[in-house]
Amino acid sequence: MRTSRSRTRRRVTALTLLLTAALAASALPAAGAAPAPVRSAPGPGTDHATDDPFTADRTSWFRQDRFGMFIHFGAYSNLEGEYTRPDGTVCRNAEWIQRECGIPKDAYEKQAATFDPADFDAKAVVAAAKSAGMKYIVITAKHHDGYAMWPTRVNSWNLRDHSAFDQRRDILAELKEAADDAGIKLGFYYSIWDWHDPDFPDPATFPKYEKRMYAQLKELVDAYDPALLWFDGEWDTDRPHNPWTAKDGERLESYLRGLDPELVINNRVGKRRVVDGDYGTPEQEIPDGPVDGQLWESCMTLNDHWGFARYDENWKSSTTLVRNLLATTSRSGNYLLNVGPDARGRIPEPSLNRLAEMGSWLRADGQGEAVYGARYAGLVEEPAWGAVSRKGDKLYAAVTEWPEPGGALHLTARTAFEVKSARVLGSDQKVAVEKTADGYALTPSGEATNPTATVVELAVDPGPTAPEGRGKGLRQEIFDNPELTGKPKVTRTDSDVNHAWKYTGSPHPAIPSDGFGIRWTGALEPRRTETYTLTTVSDDRARVWIDGELVIDAWDPHGPRVDKAQVALKAGTRHSVRIDYAEQSGEAHMKLLWSSPGQEQQVVPQAQLYAK
Ligand code: FHN
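Every chain is numbered on its own, with residues counted from 1 as its sequence reads. Given that this is a predicted model, residues contribute local features only at a pLDDT of at least 70 and side-chain atom pairs are listed and counted only at 80 or more, while totals for whole chains, interfaces and linings are drawn from all residues. Note: side-chain values were computed over all heavy atoms of the structure, leaving out hydrogens and water.

**Points about the domain arrangement of the protein chain**
And step 1. Residue ranges for the domains trace back to a domain assignment, done automatically or taken from a database. Domain boundaries assigned for the protein chain yield domain 1 (61-370), domain 2 (377-461) and domain 3 (474-610).
And step 2. One C-alpha centre belongs to domain 1, the other to domain 2, and the line joining them spans 37 Å.
And step 3. Between two residues, a contact is recorded if the distance between any of their heavy atoms is within 4.5 Å. With 14 residues of domain 1 at the contact, the number on the domain 2 side is 17 residues.
And step 4. Joining two parts hides part of their accessible area as seen by a 1.4 Å probe, and the buried area is that hidden amount summed over both. Carbon and sulfur atoms supply 52% of the area buried between domain 1 and domain 2, which totals about 1,300 Å² over both sides.
And step 5. When the buried area of domain 1 at its contact with domain 2 is split by residue, R323, S330 and E369 rank highest and sum to 38% of it.

Rendered as structure tokens:
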């Protein structure tokens, strides 16, 4: 739970950001403009970390919903994955077709002028998402080809001004209304990389493109109030050259948070790193466990293409898709599953069928409890026979390999906890629970309920968790040098070690954005007696001592990096902590997070930190 101070900080920061954004409304924000924290104006004293995405109210819906629909829909859809060149050769690609098939700009614009997604039915799209059990939608507002799917005033390269589509319609507005009516969150994908804008490739003219990009993003936020922005096209590349930098990302993220402090933003707003945006974006893969230092969402296609490709029939089965969703949830991730509407705006039947089958599984017998609001189990190792998620004091063992009659499902415990009862969702069969040397053996007495996954719900006692502490934070000494020598310039209490000063900020207005050091001292008080994983996200240097022992030694100068240590901690005990940090130049970041079998990953909260 965030402290009222943090919420206040966020509210005041939000107001400051809005004022900053107002300055930026007509042009790029002044260089260095960034969200000012409680303490001061942009620049030295600015801290971009206004909350902890692992616990913030702002990200709660994202962490609960778990399952979303990705929609790749644009001028490329009009070609339906195939282009016949003037020489008669046929080239196949979907959303990259212009670049990969070498379609000349005028030819691509000519085909886009025939684009008429007249059959795009927002209510049907939202209904398909709901029937799948999806809780949010992210649609491509602008992909790499630069074609805007809304009536932007920034240029005429868009669905309103350059298509055969009904000029009275606005599909993003239609989707927003349908999503709101259905209680589904709506987000927009926006590609930074732009193949169409002539000012994009040349660093000398890139600021002109950037100003248009900011204006388009402001249009999207003002007109459609998205819950989430999904950036893409941030990577270093050519054809055309992409000048985007981490510093550009810092400025853009600050600007957007000034427009709407509630926005959830992915890590491709910067350079797809642990310090960019609110969450990581593994693509076409599922990490093998919770991601250190950041929330995450795996995006995946239903077949082999993001955009519609009429020939691509390589559809994943609904069993695979449900199991992917269960694996993702069991590692505290989200699953963003893609559909690619055709030239008329219709979602392909094979996509609709699979989505409906996923929804049927989720709705059957309350099996969705294993997903919605659920997360990494923590208490047990991931078994070979399925995925285990945790929701409150329930574990949901989604079994994909049901044991032979009389056989047992083994769970290896990561900490001491009790299984109070077990039942199979959708069946009244008994499940015998036997404590073993290293965990539990669950022996069902009947058959699996379905071939995709059978869910065994375990009521557990996770073991003692001490009441929330009464800490106020750690003592913080700020030095005006990275050697932490001399008398500290600033000494105060810091509510938590959750800081993103980035390029332009610093811990105090009197401290420049480069060449400073910080020492935090005091105690941290765990609520469980377990082995904790302490995680730092730091740039340039960091060291952490617990009870006088150096447990993290990241004093080698580095860019944004995660370091971790396993430390045995005792509930209610105030373990002494010291953190040394140094910023020499460039970006500056310092976060201290913890997790344990019974504690999900979070920034170590203020209530558990004591200055002495
Ligand atoms: O180049 C894009 C691709 O077209 C698609 O949009 C995926 C979806 O996340 N993102 C980029 C490739 O990483």
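**Brief notes about the site of the ligand**
And step 1. Whether a residue is near a molecule or strand depends on its heavy atoms: it is near if one of them lies within 4 Å of it. Around the ligand, a shell composed of 14 residues is seen, among which H72, E95, H144, D232 and E283 lie nearest.
And step 2. Here a polar contact means two N or O atoms within 3.5 Å. Within protein one must be a hydrogen donor candidate and the other an acceptor candidate, and residues neighboring in sequence count only if both atoms are side-chain atoms. Taking H144, its side chain carries an N or O atom lying 2.7 Å from an oxygen atom of the ligand.
And step 3. Between the ligand and D232, the relevant distance is 2.6 Å, taken from a nitrogen atom to a side-chain nitrogen or oxygen of the residue.
And step 4. Computed with a 1.4 Å probe, the accessible areas rest on the Shrake-Rupley method; for each residue, only the protein chains presented here act as cover. Look at the ligand: alone it shows 330 Å² of surface, and the protein chains cover 91% of it.
And step 5. Residue classes in the shell around the ligand are distributed as seven nonpolar, three polar and four charged. The classification used treats Ala, Val, Leu, Ile, Met, Phe, Trp, Tyr, Cys and Pro as nonpolar, Asp, Glu, Lys and Arg as charged, and all other residues, Gly among them, as polar.

**Points about the side chain of T329**
And step 1. Position of T329 relative to the elements: it lies in helix α9 (residues 318-329).
And step 2. Filtering out sequence-adjacent residues up to four positions away, T329 remains in contact with R66, A370, V371, A374, R375, Y376 and S389. Secondary structure elements follow DSSP: runs of H or I no shorter than four residues count as helices, runs of E no shorter than two count as strands, and numbering proceeds from the N terminus.

**Concerning the UniProt feature "domain: PA14" (unreviewed entry) in the protein chain**
And step 1. UniProt positions are given in the numbering used here, feature names are shortened, and annotations may be inferred rather than shown by experiment. The feature "domain: PA14" (unreviewed entry), as given by UniProt, occupies residues 469-608 in the numbering adopted here.
And step 2. Annotated as residues 469-608, this span is 0% helix and 54% strand, and its ends, taken at the C-alpha atoms, are 5 Å apart.

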